[in-house]
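Spelled out from the first residue to the last, the chains are:
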Amino acid sequence: QVQLVESGGGLVQPGGSLRLSCAASGSIFSSYTMGWYRQAPGKQRELVAGITTTNRADYADSAQGRFTISRDNAKNTVYLQMNSLKPEDTAVYFCSAFRTIPARERYWGQGTQVTVSS
């Protein structure tokens, strides 16, 4: 079992920045691929960025060049640095932990609201 707690969301003006954090507890954090997803009202949840156990990062096209995902295994925490925010980035952002060995597991945090508005 893994417990995930997101923080760092809030209201920011267009062009601004936010840094989301996701603190994990309960299992071996370094064995999980970590991801940030978001869900806007009336839309499906979508992957924003992911980072593997070997620190390989991948981004959705919408996040490429503006967002940076990173992880600190010593602190059991994954981060999402979001720059040049746009109104269309407004959503609830969720942290996810995933692995397939020794068993397929996926865990979600409760989400943190990000609102980009002037």
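Note that the coordinates shown come from a computational prediction; the quantities given were computed from them, not determined experimentally. (Residues numbered from 1 in each chain as written. Predicted model: local features only at pLDDT ≥ 70, side-chain atom pairs only at ≥ 80, totals over all residues. Heavy atoms only, no water.)

Caption draft 1: View of the packing of aromatic side chains. Within the structure shown, the criterion is met by two aromatic pairs. Here the aromatic rings of Y32 and Y107 are separated by 6.2 Å at their centres, their planes lie at 65°, and the arrangement is edge-to-face. Taken together, the residues Y32 in the loop between strand 3 (18-25) and strand 4 (33-39) and Y107 in strand 10 (residues 105-108) connect sequence positions 75 residues apart. A residue is classified by how much of its surface remains accessible, and Y32, at 1% relative accessible area, is buried. By relative accessible area, Y107 is classed as buried at 14%. Taking 4.9 Å as the distance between ring centres and 70° as the angle between the ring planes, the aromatic pair formed by Y37 and W108 counts as edge-to-face. (Phe/Tyr/Trp six-rings, centres within 6.5 Å; stacked < 30°, edge-to-face > 60°. Helix = DSSP H or I, 4+ residues; strand = E, 2+ residues; numbered from the N terminus. Buried < 20%, exposed > 50% of the residue type's maximum accessible area, 1.4 Å probe, protein only.)

Caption draft 2: The environment of A63, seen in detail. By the secondary structure assignment, A63 is in the loop between strand 6 (57-59) and strand 7 (67-72). Residue A63 is classed as buried on the basis of its relative accessible area of 0%.

Caption draft 3: Region of interest: the sheet that holds strand 3. Here four strands make up an open sheet; going across it, the order is 1-3-8-7 and the pairing antiparallel. Strand pairing shows two members of the sheet lacking a second neighbour, strand 1 (3-7) and strand 7, which therefore form its edges. On average, adjacent strands in this sheet sit at an angle of 15° to one another, irrespective of strand direction. (Pairing = 2+ DSSP bridges. Axes fitted to C-alpha atoms, helices over the stretch in contact; angles between N-to-C directions.)

Caption draft 4: Focus on the state of the cysteines. Going through the model one piece at a time under the given rule, you end up with one disulfide. Here C22 engages in a disulfide with C95; their sulfurs sit 2.1 Å apart. The sign of the -80° torsion about the S-S bond sets the C22-C95 disulfide as left-handed. In this pair, C22 sits in strand 3 while C95 sits in strand 9 (residues 91-99), placing the two residues 73 residues apart along the sequence. Judged by its relative accessible area of 0%, C22 falls in the buried class. (Disulfide = S-S within 2.5 Å.)

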